[in-house]
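This is what each chain is made of:
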Amino acid sequence: MTAVDADAARRLGREIAGSVVQPGEDAYDEARRVFNGMIDRRPHLIVRCANEADVATAIAFAREHALAVAVRGGGHNVAGNAVVEEGLVIDLSRMRRVDVDPVRRRARVQGGACWGDLDAATQAHRLATPGGIVSTTGVAGLTLGGGIGVLRGLYGLTCDNLVGAELVTASGDRIAASAEENPDLLWGLRGGGGNFGVVTTFEFALHPLDGVVSGPVDFRYTPEFLAFYDGFVDTVPDEFSCDLVLRRSPEGEPLATLLTCYCGEAESAVPVYDRLRARFTPVRDGVAPRSYVDAQRLYDQISPWGWRNYWKTNGMGALDRSAIGTLHEIFDEAASPLSQVQLEHLHGALHRSAPGRSALNFVGAKYDLLVNAKWTDPARDGDNVRWAREAFARLQPFLSGGAYPNYLFQETRERVRQAYGSDTYGRLVALKDRYDPANFFRLNQNIQPSSSSAL
């Protein structure tokens, strides 16, 4: 930074209740670190906000100095949208308060909270709202991009349970969104990403939930297991969630791992798990009764921070013989033993939500497909990215529905349009034109405003 820039940064630090982190400071490298090891960006400033006023001040500073802006919640986004090269990061990680109203069954959550914060607070009252399966994931990013979790069969996506929000717009205005106030904006926040402002507070509907039966189950992988899985999930109740992960053990053995959770009475889980174990014998069975909070922490280490990640994703239909053969081939050809192919089962309330309730589109999709390239050596970037892209291209005949924004990497405008569908994308553009016509918030799965002058 120039001397003038340094003076301006010091003034900014005096104007806010939080703090400003700059290059060269001890906290800088850790503050700019995100989940995906491929992302190595160096912002000019990281503004650690303490309240909504700090957010508005940071936005005004960025506009005054023509700095690109990233917004950081939990830092888990695979595309690295929480950090920007030579710009300004609005870091909400100090804003993690969770307030629960057990009578109204509502939770108000600040934009820097993680799912571990929210789950612990709501479970103190035996309540929960659908969230992710990694406790360190940010509430904000997961919600704004949809949110697929173990409660999806019972209560839908995370964004389906968003009933209110408060945000700071690109102009610095503080506005609210709810069914009564700016309802179109609330709709856009349900899956439309961080395109309309910095959400500083989320309000969620909560649901009764006590303990669960959950855990991973490993089977030796064969193509026949894929056919079994496709039939098995057709039999499961809404209380049961099941995600298939094709992966390799540390010794290189191909495994079909099912990440399972039954959110109901333990006795009712028995016949479901009995059907799961009836045909194939598990090589590891981690299923057990657990508190919901403990269950939500089970997979925190499944994909460590610092590994390099490149993902391709879309909704996918049922698995016929040709789809199974293609999945088998691409898994066998993975460039890294750490890479995975995932099929998250989409069912129940997720598909029963009223049309147009959210901006997401999983119509016709039985699964959310994730081709998940993971590796550690930067010299292997090309091989691993190539594998993911080619694998995804070969799976095109079997895809259906839209794509899950939280799993998209750095995509073209047309790919983002395809993910949402043309009608939904058009409605999101109208909201963008209203709340961010200059595309100030553009480090995201970007909904580009109709103005030709937008960046």
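To be clear, the structure that these remarks concern was listed above.
Residues numbered from 1 in each chain as written. Predicted model: local features only at pLDDT ≥ 70, side-chain atom pairs only at ≥ 80, totals over all residues. Heavy atoms only, no water.

1. Concerning the overall build of the protein chain
Scanning the protein chain from N- to C-terminus turns up 15 helices and 19 strands. Against the globule reference of 23 Å for 455 residues, the protein chain gives a C-alpha radius of gyration of 22 Å, in line with a compact fold. When its C-alpha atoms are laid out on the principal axes, the protein chain stretches across 70 × 55 × 45 Å. The burial tally for the protein chain puts 57% of its 455 residues in the buried class. Expressed as a percentage of contacts within the protein chain between residues at least 6 apart in sequence, the contacts between residues at least 24 apart total 72%. Accessible surface, the protein chain: about 17,900 Å² in total, of which carbon and sulfur atoms supply 48%. One way to put it: in the protein chain the 48 positive side-chain charges average out to a point 1 Å from where the 56 negative ones average out. (Helix = DSSP H or I, 4+ residues; strand = E, 2+ residues; numbered from the N terminus. Rg over C-alpha atoms; globule rule 2.2 N^0.38 Å. Buried < 20%, exposed > 50% of the residue type's maximum accessible area, 1.4 Å probe, protein only. Contact = heavy atoms within 4.5 Å. Areas by Shrake-Rupley, 256 points an atom, 1.4 Å probe, with all protein chains shown as cover. Lys, Arg positive; Asp, Glu negative; His and termini not counted. Charge placed at Lys NZ, Arg CZ, Asp CG, Glu CD.)

2. A closer look at the packing of helix α14 (residues 413-420) against helix α15 (residues 422-435)
Running from N to C, α14 and α15 cross one another at 110 degrees; their axes reach a closest spacing of 6 Å. Judged by the inter-axis angle, α14 sits roughly perpendicular to α15. Read as a crossing pair, α14 and α15 show a hand that is right-handed. Facing α14, whose interface residues are R413, V416, R417 and Y420, α15 presents S422, T424, Y425 and L428. Partitioning the contact of α14 with α15 into residue classes produces four nonpolar, two polar and two charged. (Axes fitted to C-alpha atoms, helices over the stretch in contact; angles between N-to-C directions. Parallel < 35°, antiparallel > 145°, perpendicular 65-115°, else oblique. Left-handed = near helix turned anticlockwise from the far one by under 90°. Nonpolar A, V, L, I, M, F, W, Y, C, P; charged D, E, K, R; others polar.)

3. Quick word on the sheet that holds strand β3 (residues 69-72)
With mixed pairing, four strands are arranged side by side in an open sheet as β1-β2-β4-β3. Each edge of the open sheet is held by one strand with a lone partner, namely β1 (19-21) and β3. Recorded for the sheet is a direction-independent mean angle of 20 degrees between the axes of neighbouring strands. Relative to strand β4 (residues 88-91), β3 runs parallel, the two sharing four bridges. Within β4, the residue paired with V71 across the bridge is I90. Against the sheet, helix α3 (residues 52-64) makes contact with β2 (45-48), β3 and β4, and its axis sits at roughly 170 degrees relative to β4, the strand it touches most. (Pairing = 2+ DSSP bridges.)

4. Some points on the packing of aromatic side chains
On inspection of all chains with the given rule, the structure shows 18 aromatic pairs. Ring plane angle 80 degrees and centroid distance 6.5 Å describe the contact between F35 and W305, whose orientation is recorded as edge-to-face. Of this pair, F35 sits in the loop between α2 (28-31) and β2 while W305 sits in the loop between α10 (292-295) and β17 (308-316), and the two are 270 residues apart along the sequence. Grouping aromatic residues by their ring pairs yields a cluster made of F219, F225, F228, F232, F240, Y273 and F280. Sitting over the ring of W187, R427 keeps its end group 3.8 Å from the ring centre. (Phe/Tyr/Trp six-rings, centres within 6.5 Å; stacked < 30°, edge-to-face > 60°. Lys NZ or Arg CZ within 6 Å of the ring centre and 35° of its normal.)

5. Examining the sheet that holds strand β8 (residues 162-168)
The strands making up a sheet associate through hydrogen bonds between their backbones, and the pairing can be parallel or antiparallel. Taking strand neighbours across the sheet as the criterion, the five strands line up as β5-β6-β10-β8-β9 in an open arrangement whose pairing is antiparallel. Unpaired on one side and paired on the other, β5 (98-101) and β9 (174-178) mark the two borders of the sheet. The mean inter-strand angle of the sheet, taken between neighbouring strand axes irrespective of direction, is 15 degrees. Where β5 lies against strand β6 (residues 106-110), four bridges are found, and the strand directions are antiparallel.

6. Concerning the side chain of T260
Inspection of the secondary structure assignment puts T260 in strand β14 (residues 254-262). Side-chain polar atoms of T260 contact the backbone oxygen of G215, separated by 2.7 Å. Setting aside residues up to four positions removed in sequence, T260 forms contacts with S214, G215, V217, F240, S241, C242, Y273, L276, V287 and Y299. (Polar contact = N/O pair within 3.5 Å; in protein donor to acceptor, adjacent residues only side chain to side chain.)

7. Regarding the side chain of Q123
Here Q123 lies in helix α4 (residues 115-123). Among the residues examined, Q123 registers a relative accessible area of 15% and is labelled buried. In terms of polar contacts, Q123 uses its side chain to reach the backbone carbonyl oxygen of L127, at 2.9 Å. Apart from residues lying up to four places away in sequence, Q123 is in contact with A128, L209, D210, Y292 and V293.

8. Examining α4
Residues of α4 that are buried include every one of W115, L118, D119, T122 and Q123, and no others. Buried residues in α4, looked at end-on, bunch into an arc of 115 degrees, giving them a common side. The elements touched by buried residues of α4 are β5, β6, β7 (127-128), α5 (139-144), β10 (198-205) and α10. (Arc of directions from axis to C-beta.)

9. Describing the environment of L255
With respect to the helices and strands, the residue L255 is situated in strand β14. Setting aside its immediate chain neighbours within four residues, L255 contacts D218, F219, Y221, V245, L246, R247, S249 and V283.

By themselves, these are just geometric observations and shouldn't be taken as functional.
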